[in-house]
Amino acid sequence: MTNPCPRPLRTIHMTNLGTRAKGPTMMAALAGVVSAAVVLAVAELIGAFFTARATPVFALGSTFIDFTPSWMKDFAIATFGTNDKAALFVGMGLTIALLACVLGVVAYRKWALGVLGVLFMGVVIVASVLTRAGVGPADAIPSVVGTIAGLVALRRLMVPLWGLKAWPEAPADIAADVEDQVGGIGTSRRRFFAAAGITAVAAGIAATGGRLLGAARNNIAQAREALRLPAPARAAAAVPSGVQSPVAGVTSWLTPNNEFYRIDTALSVPEINIDDWELRVHGMVEQEVTLTFQDLLDADLIESHVTLTCVSNPVSGKLVGNAKWLGLPIRDVLARAKPKEGADMVLSRSIDGFSASTPLEVLQDDRDAMLAIGMNDEPLPVEHGFPVRMVVPGLYGFVSATKWVVDLEVTRFADSKAYWTERGWSERGPIKTMARVDVPASFAKVPAGKVAVGGTAWAQTRGITKVEVQIDDGDWVEATLSDEASVITWRQWSYEWDATPGIHYVKARATDGTGETQTDKRADPVPDGASGWPSVMVTVE
Ligand SMILES: Nc1nc2c(c(=O)[nH]1)N[C@H]1C(S)=C(S)[C@@H](COP(=O)(O)O)O[C@H]1N2
Ligand SMILES: [Mo]
């Protein structure tokens, strides 16, 4: 007996009608996400043969950073701290996934429109790659190939989905052979999920492979390990034995490389082969000069302890560190280039597009501004600018300490603006006199009686001549200064506090070599550095 409408068919048909809108749409969205993963993974794989900055993930991330308003950057740094880059990648990943979902659904409903959408995304990716500094037109290849691969993947995933769509809308077929159709829809689903799964795994393998291959090919870490630094023509002045505060817990006077703060706009650390590195000195000069890394190795290098400070460092902050640098005095390079009359600034550029404006005279005076290749007796760590960076005593890093430096343009403040100046920060950045209380830590609980207080203070190029401590609203009392190595390094201090039970505030302030005492006027880091007295709350029990 043939039943014109067997129950299994109705059930399946109804189920399918119910999920027709939702099921395939969700699957189309998934197809979009998998295809986006293919775009990025294939670009990553092929990108292994190009500069790391040519991969879409880093290019998009960097473009995003460039367009982020500074309040949002400040918010991100305040909220996520040094995880701000991780937060950016997560945010970017979610945005890309969302867009990919939409594109998947669009492609499912109207293939041509989906293709247009994917191509548009491809153009956006290529544009963001090509606007990175130091990339050539060929660096678009990974993104272009990635986009094509993504389109192919999307097409392959759509075919079984369209099969699904056709089923409920093809009653003639159903009537013809119910069993087959039931098998058909199951096969379509299975085919889709199998294809999606295989594609996702392949994308994962391609991305991982790309990473490994890229790392192996550009083995900058290995080149760095193999590099032997020359002895300096002028060694660093001997460091007095008493530079370290006797108070346990005060920051180490010499900051180890792996504890040195790191601030930069680079999402992927630029990878520069020492054989490829060149520094061009040009602009308002009598004589253009080009230096190779070998030129630096062969030159008369100097060694000097210099404390670097970030303009973004809040009062009591940790974005400051002290290291021994080895490098070529920039004044020697400028002496060869012979700046022309009227020039008052050097715009230094890194390979990744960062730039800093440094007053010309600061690079010519005797403060030992240098093109550094060594940090604490090692080649520069990659994230601190390998192979060459600038180190300029007395100025915040954003206007002086260009890492991965490749270009010095002698110019005028009136004619050129540096990276952060274009984003609302000042064009010059002398370091403000600042004291920091390291011990006791903020919110510490200490027993009543003698409590060791200590910290550090800096006023590079002026030096620290006095640090005072104030408990609550008491009198300012002079702390004991540790030995001074030089006016361009920080200076530590200590103080013995007779602590009574209760909640207390320990404040500090420094006086620099010009006799000026650190201002109590609170200022935010923007535009030219934070000011105010550090204050630590301590519970004495
Ligand atoms: N190429 C490049 N150099 C850069 C930066 C950057 O973003 N890119 N940041 C500057 C800033 S703001 C500071 S404070 C110092 C920090 O140097 P460090 O990371 O070695 O501590 O580097 C400077 N040099
Ligand atoms: Mo900075």
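Residues numbered from 1 in each chain as written. Chains lettered and ligands numbered in written order. Predicted model: local features only at pLDDT ≥ 70, side-chain atom pairs only at ≥ 80, totals over all residues. Heavy atoms only, no water.

A. The packing of helix α2 (residues 23-47) against helix α5 (residues 84-109), seen in detail. Interhelical geometry of α2 versus α5 gives an angle of 120 degrees and a closest axis separation of 7 Å. Relative to α5, the element α2 is oriented oblique. The hand of the α2/α5 crossing is right-handed. Of the residues in α5, those touching α2 at Pro24, Thr25, Ala28, Ala29, Gly32, Val33, Ala36 and Leu40 are Ile96, Ala97, Ala100, Cys101, Gly104, Val105, Tyr108 and Arg109. (Axes fitted to C-alpha atoms, helices over the stretch in contact; angles between N-to-C directions. Helix = DSSP H or I, 4+ residues; strand = E, 2+ residues; numbered from the N terminus. Parallel < 35°, antiparallel > 145°, perpendicular 65-115°, else oblique. Left-handed = near helix turned anticlockwise from the far one by under 90°. Contact = heavy atoms within 4.5 Å.)

B. A look at the packing of aromatic side chains. What the rule picks out here adds up to 12 aromatic pairs. Considering the side-chain rings of Trp111 and Trp162, the 5.8 Å spacing of their centres and the 90 degrees angle between planes classify their relative orientation as edge-to-face. With Trp111 in helix α6 (residues 111-130) and Trp162 in helix α7 (residues 141-166), this pair connects stretches of sequence that are 51 residues apart. Ring centres 5.9 Å apart and planes at 85 degrees place the aromatic pair Phe260 and Trp325 in the edge-to-face group. One end of the pair, Phe260, is in the loop between α10 (220-226) and β1 (278-283); the other, Trp325, is in strand β4 (residues 320-329), with 65 residues separating them in the sequence. The same class applies to Phe260 and to Trp325, which are both buried. Here a set of aromatic residues connected by ring pairs shows up, and it is made of Phe354, Phe398, Tyr419, Trp420 and Trp425. In this structure, Arg423 is placed above the aromatic ring of Tyr419, and the distance from its NZ or CZ to the ring centre is 3.7 Å. (Phe/Tyr/Trp six-rings, centres within 6.5 Å; stacked < 30°, edge-to-face > 60°. Buried < 20%, exposed > 50% of the residue type's maximum accessible area, 1.4 Å probe, protein only. Lys NZ or Arg CZ within 6 Å of the ring centre and 35° of its normal.)

C. Focus on the domain arrangement of the protein chain. Per the domain assignment, the segments of the protein chain are domain 1 (9-217), domain 2 (257-423) and domain 3 (434-540). Buried area between domain 1 and domain 2, summed over both chains or domains, comes out near 1,100 Å², and the portion from carbon and sulfur atoms is 57%. Summed over the shared surface of domain 1 and domain 2, the number is 0 residue pairs in polar contact (both at pLDDT 80 or more). Mapped by element, the contributors of at least two residues to the side of domain 1 that touches domain 2 are α3 (56-67), α4 (70-80) and α5. (Domains from an automatic or database assignment. Buried area = accessible area lost by both parts, 1.4 Å probe. Polar contact = N/O pair within 3.5 Å; in protein donor to acceptor, adjacent residues only side chain to side chain.)

D. Here's a closer look at the side chain of His305. Inspection of the secondary structure puts His305 in strand β3 (residues 302-309). When residues no more than four places from it in sequence are discounted, the contact partners of His305 are Ala236, Ala237, Val239, Trp253, Leu254, Asn322, Ala323, Lys324, Ser486, Ile488 and Thr489.

E. Summary view of the packing of α5 against α6. Running from N to C, α5 and α6 cross one another at 150 degrees; their axes reach a closest spacing of 5 Å. Viewed along their axes, α5 and α6 adopt a mutual orientation that is roughly antiparallel. Packed against α5, whose contacting residues are Leu99, Leu103, Val106, Ala107 and Arg109, the element α6 presents Trp111, Leu113, Gly114, Gly117, Val118 and Met121 at the interface. For the contact of α5 with α6, a count of residues per class yields 8 nonpolar, 2 polar and 1 charged. (Nonpolar A, V, L, I, M, F, W, Y, C, P; charged D, E, K, R; others polar.)

F. Structural detail: α6. The terminal C-alpha atoms of α6 lie 28 Å apart, and with 20 residues this matches the ideal 28 Å at 1.5 Å per residue to within 8%. Gly114, Val115, Gly117, Val118, Gly122, Ile125, Val126, Ser128 and Val129 are the residues of α6 that are buried. (Expected span 1.5 Å × (residues − 1).)

G. How the structure looks around the environment of Lys318. Mapped onto the fold, Lys318 is located in the loop between β3 and β4. Expressed as a C-alpha distance, the spacing of Lys318 and Phe260, which sit 58 residues apart in the sequence, is 9.4 Å. Residues contacting Lys318, with those up to four places away along its chain left out, are Tyr261, Asn313, Arg436 and Asp438.

H. Layout of α5. The terminal C-alpha atoms of α5 lie 38 Å apart, and with 26 residues this matches the ideal 38 Å at 1.5 Å per residue to within 8%. Three or more residues of α5 are buried, namely Leu88, Met92, Ala100, Leu103, Gly104, Val105, Ala107 and Tyr108.

I. Molecular detail of unusual backbone geometry. Look at the link from Val439 to Pro440: it is a cis peptide, with omega at -5 degrees. Here Val526 and Pro527 are connected by a cis peptide whose omega angle stands at 0 degrees. As for its position among the elements, Pro527 is in the loop between β18 (502-512) and β19 (535-540). In the Ramachandran plot, Trp404 falls in the positive-phi region, its phi being about 50 degrees despite a non-glycine side chain. Within the fold, Trp404 resides in the loop between β9 (389-391) and β10 (405-411).

J. Seen up close, the pattern of salt bridges. Under the definition given, this model contains 20 salt bridges. Put simply, Arg367 and Asp365 hold a salt bridge, and the shortest N to O gap is 3.1 Å. Residue Arg367 is classed as buried on the basis of its relative accessible area of 18%. (Salt bridge = Lys/Arg side-chain N within 4 Å of Asp/Glu carboxyl O.)

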